Amino acid sequence: MWLKSDRMDVLGKVWTARKLILVVLIPLSLLPLPLIHPTSEASCAYVLIVTAVYWVSEAVPLGAAALVPAFLYPLFGVLKSSEVAAEYCKDTTLLLIGVICLAASIEKWNLHKRIALRMVMIAGAKPGMLVLGFMCCTVFLSMWLSNTSTTAMVMPIAEAVLQQLISTGVADAQEDSDTIEAPDDDSDKEENLDKNQLELLYRRQSSCGKQELCTLSEEPDHLTQKPSQGPNGHLPQTAVSIPEPQRPAKKNSPYPTKRDHMICKCLSLSITYAATIGGLITITGTSTNLIFAEQFNSRYPEAKVINFGTWFIFSLPISIIMLVLTWVWLHCLFLGCNFRETCSLSKKRKTRREEMSERRIQEEYMKLGPISYPEVVTGIFFILMTLLWFTREPGFVPGWTSLFEKKGYRTDATVSVLLGFLLFLIPARRPWPLASTDKDESSVKEQDSDPLAPMITWKDFQKLMPWEIVILVGGGYALAAGCKVSGLSVWIGRQLEPMSGLPPWAVTLLACLLVSTVTEFASNPATLTVFLPILSTLSETLKINPLHTLIPSTMCVSFGVMLPVGNPPNAIVFSYGHVQISDMVKAGFGVNLIGVLVVMLAIMTWGVPLFQLTEFPVWAITSNVTNSL
């Protein structure tokens, strides 16, 4: 008995220290690789495998694991320390800094809440339209803010609406609307009332334990619709209209009906999926997009095909199609296929709960007051940054960079850093002497001591700046540079030559399925960072345009939507308690399948003329020759 107890104690301690054991054992067990084969390729492979295992297992924080190449490459003689350090700060780092400055201003002055509430007010409180409204505003915000920040901002608003639906949901919404729209005549009421009273009396006498029914039958007169009806007129009609089958299976459930629970599930999951979809639209939407853009531009500096405009043109139709199909899928899964009933905009068909929910949303919007001066400034900067990104190098016409003599000096990062820097200078108080509103006064009340206090401060910026992602992206650049210099990418390409018989669409589909599966269990940035160099080498070996595999893989790596650990937005939504893991797996599988199919459709149709995918480009040939030297 003691021996068994000691063994359990040892196993418990080993399990507690499993991450530390993994951190120590992985480098030691792989150490024979560079010692037995003291080549540059073997040393680079050792660093790549150790870093990848740390990322996938999350034995150490992602940012800390990304620092492994910074000391192992110089130790093994793969890259100089100065060369590795240069990889940790790239153009996309500055791009992210500028975008975070704008995001800090949006969050500080509640512009995101105004946009979300306004879009939901337009959509209405019908379940189907409510879900669609929240999805649209989440997609829009996620284009410019991180998926995690967007979900954290929108979910409390959705939760307030859901609590309003639950608190007013004594009876099923549809049955309430039927009662209001089509009342029965007096004779039918008398007959149905007598039957229901006898049924309740039988249940009370049989002592079935359903205390809520017995209590409802003894409610006071002020709940009765017609107190003068019959000798038992004190029994309210609302009590007998509660349908027994619609109650949840679990006792003490916080949801009045099963349908209410389904609405909560549908709306909660729709927000995390919409955040993922919105992040696909822009280069700055997710960290994976930034990782792809920087690694692609570093590996193929002559390409000049990936910028904010080309990515937006390609990804916007994908997101729109995914948004519609995901909404339809969630609606059918949780709300049924009766779209006419759940999506009607007619005011006559609104139930009491829906009217109260709309009133709650309007009250929340009224609390924001009139639009303030800082919100106007933030909105102007938001529009200005977007326009400058689009018009820098649109492709079909000369952009504003053609006004400068030297070409190639200005990028999207130049615009974002410039506007982000100005947000630290522009005062948050209205400069001209006009009568300021109460909202303006309250929004800058903490700045009364300094009338020139700026739109954002460094503390505001630091709260949102994801330094871990910056270091993670830098670690990916360092790994890619090591693979290129050491010749490991060429060696990997030779091993992949047997796949040369596959058509391009098959190679792309296999890559999409592979990354979308791995990313369910590993972080999205780490998964993409590991696979990008491999897929680039594969494309060069098979003489396929690298964009044909890299762009779909970059998008599919964001589809980690089946588990709470897939990405932070999933965890945020799961923490509210409306959904279970089984719900996320069932709904996420459909969303994942929709995403892969839509991305494949895009790369095979409008992606072909946009990126000239039918031919192996010159810039890829040049890179391939350089790597083989």
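Provided above is the structure to which this section pertains.
Source: prediction; values computed, not measured.

1. Observations regarding the packing of helix H27 (residues 504–518) against helix H31 (residues 581–604)
(1) Moving on: Contact geometry for H27 and H31: axes closest at 11 Å, N-to-C directions at 150°. By the angle between their axes, H27 is roughly antiparallel relative to H31. Note on packing geometry: the crossing formed by H27 with H31 is right-handed. Between H27 and H31, the contacting residues are Trp505, Thr508, Leu509, Cys512, Leu513 and Ser516 on the first element and Asn592, Val596, Met600 and Met604 on the second.
(2) Moving on: In terms of residue class, the contact of H27 with H31 is made up of seven nonpolar, three polar and no charged.

2. Regarding the nonpolar core
Across soluble globular proteins, nonpolar side chains have a tendency to be buried as a group.
(1) Moving on: Trp55, Phe134, Phe292, Phe296, Ile306 and Leu547 are the most contacted members of the largest nonpolar core, which has 153 residues in total.
(2) Moving on: Among the elements that take part in this core, helix H18 (residues 308–335) stands out by supplying 11 residues, more than any other.
(3) Moving on: Residues within four places of Phe292 in sequence aside, it is in contact with Ile306, Trp311, Leu528, Leu532, Leu547, Leu550, Ile551 and Thr554.

3. With respect to the pattern of salt bridges
(1) Moving on: Per the stated rule, a full pass over the model turns up four salt bridges.
(2) Moving on: Where Asp460 meets Lys108, a salt bridge forms, and the shortest distance between an N and an O atom there is 3.0 Å. One end of the pair, Asp460, is in helix H24 (residues 458–464); the other, Lys108, is in helix H8 (residues 91–108), with 352 residues separating them in the sequence.
(3) Moving on: Take Asp460: its relative accessible area is 14%, and that puts it in the buried class.
(4) Moving on: For Lys108, a relative accessible area of 26% corresponds to the partly exposed category.
(5) Moving on: Taking the shortest distance from any N to any O, the salt bridge between Glu375 and Arg114 comes out at 2.7 Å. One end of the pair, Glu375, is in helix H21 (residues 373–392); the other, Arg114, is in helix H9 (residues 111–123), with 261 residues separating them in the sequence.
(6) Moving on: Since its relative accessible area comes to 2%, Glu375 is described here as buried.

Rules of the game
- Residues numbered from 1 in each chain as written.
- Predicted model: local features only at pLDDT ≥ 70, side-chain atom pairs only at ≥ 80, totals over all residues.
- Heavy atoms only, no water.
- Axes fitted to C-alpha atoms, helices over the stretch in contact; angles between N-to-C directions.
- Helix = DSSP H or I, 4+ residues; strand = E, 2+ residues; numbered from the N terminus.
- Parallel < 35°, antiparallel > 145°, perpendicular 65-115°, else oblique.
- Left-handed = near helix turned anticlockwise from the far one by under 90°.
- Contact = heavy atoms within 4.5 Å.
- Nonpolar A, V, L, I, M, F, W, Y, C, P; charged D, E, K, R; others polar.
- Core = buried A, V, L, I, M, F, W, Y, C linked by side-chain atoms within 4.5 Å.
- Buried < 20%, exposed > 50% of the residue type's maximum accessible area, 1.4 Å probe, protein only.
- Salt bridge = Lys/Arg side-chain N within 4 Å of Asp/Glu carboxyl O.

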